[in-house]
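# Structural characterization, general
Listed here are the chains, written in short residue letters.
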Amino acid sequence: MKSRKSTGVYCTTLKDGTPSYRASITYGGKHISLGSFESEKKAAMVFREASRILKDCSISLSSYKETMLIPFDKYVCLINYRDKGMYIPNPIYLEKSYFTYHLEPDYALKFDIEDLFYYSSHKIMKRGSHLFVADYGSQLSVLQRYGIQSYAVEGRDYQFVNDDPTDFRYENIIILNRYRGVRQFAEKGFIRYKAVIHVRSNYVIGKYNSEAEAAIAYNKAADILTRNGIKKNFQPNFVEDLSPSQYADIYMKLKISPRIERVKP
């Protein structure tokens, strides 16, 4: 049975009988859970910290201290609710035309406001430098929302215009290479595309005038290698802008390096 003790604190028990203390606060007519804690004292201190945050507008995102007991993500939620009047369960702070998503006190990501609905309901996680969300049981990279594949390399396949890798606003991301095995390069003042495939080392398939041709050349090389007994799970490129007949016509006409035919299992 639940019992109320300190202000804003409720005592309950876990399945194994261990007592747990839940802190919560009501602000602007909204009841906000602050988390569960192992002691009543800690839960009460979190409630007092939350009260102070909501009442004192001089407390900002940069005011957070490691000595605080309130979880950092909840700290961000409360400040945003206090300042912007919108409660968002994830650590988001609304700016005029974009929002910031705060993973750590000194690490925040920027997104366009049109992504607010998605990230309000999808929690961003970080493993090393990899940023991802859990979506329908799968882990999806934040970069995938921009059409950037998991194998992409910053600086080669995509780049941040302002050199800020935490700024995910659409205008700040340029995709250089959309397809597997395709590299953009400059030749005599023109942009061209090189197709490369990896077996035991990298093999240059050829150089092409369009990104689509290079992507199809990669597919054609993969088909040849598979037919010749190379046992590797080559992932084909899907070229969206071409009809099946256009794709087949380019596929048949494309020339690829004779070295591809000579690769042995």
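Structure's up top.
Now for a description of the structure that goes with this document.

Cut-off values and rules
Numbering of residues begins from 1 in every chain and follows the order in which that chain's sequence is written. With the structure being a predicted model, the display of local features is reserved for residues of pLDDT at least 70 and the display and counting of side-chain atom pairs for 80 or more, all residues being used for whole-chain, interface and lining totals. Note: side-chain values were computed over all heavy atoms of the structure, leaving out hydrogens and water. For helices the rule is a DSSP run of H or I covering at least 4 residues; for strands it is a run of E covering at least 2, with both sets numbered from the N terminus onward. A helix's residues, less one, multiplied by 1.5 Å, set its expected span. Relative accessible area decides the class of each residue, using a 1.4 Å probe on protein chains only: under 20% of the type maximum gives buried, over 50% gives exposed, and in between gives partly exposed. Contacts are assigned to residue pairs that have any heavy atoms within 4.5 Å of one another. A pair of strands is considered paired only if DSSP assigns at least 2 bridges between the two. For every element, the axis is a line fit to its C-alpha atoms; helices are fit only across the contacting stretch, and the angle between N-to-C directions ranges from 0 to 180 degrees.

## With respect to helix α2 (residues 72-84)
- An ideal rise of 1.5 Å per residue puts 18 Å on 13 residues; α2 measures up with 18 Å between its terminal C-alpha atoms.
- When you tally the buried positions in α2, you get ten out of 13 residues, the bulk of the element.
- Those residues of α2 not exposed but buried are Phe72, Lys74, Tyr75, Val76, Cys77, Leu78, Ile79, Asn80, Tyr81 and Arg82.
- The secondary structure elements touched by the buried residues of α2 are β3 (19-27), β4 (30-37), α1 (40-55), β5 (92-94) and β6 (98-104).

## Quick look at the sheet that holds strand β15 (residues 202-208)
- Strands sit in the order β13-β14-β15 across an open sheet of three strands; the sheet is antiparallel. Lying at the two open borders of the sheet, with one neighbouring strand each, are β13 (182-187) and β15. Averaged over all neighbouring strand pairs, the angle between strand axes comes to 30 degrees, with direction disregarded.
- Sheet topology note: the β13/strand β14 (residues 190-198) ladder contains six bridges and is antiparallel. Considered in β14, the bridge of Ala186 is made with Ile191.
- Packing against the sheet, helix α4 (residues 211-227) makes contact with β13, β14 and β15, and its axis sits at approximately 20 degrees to β14.

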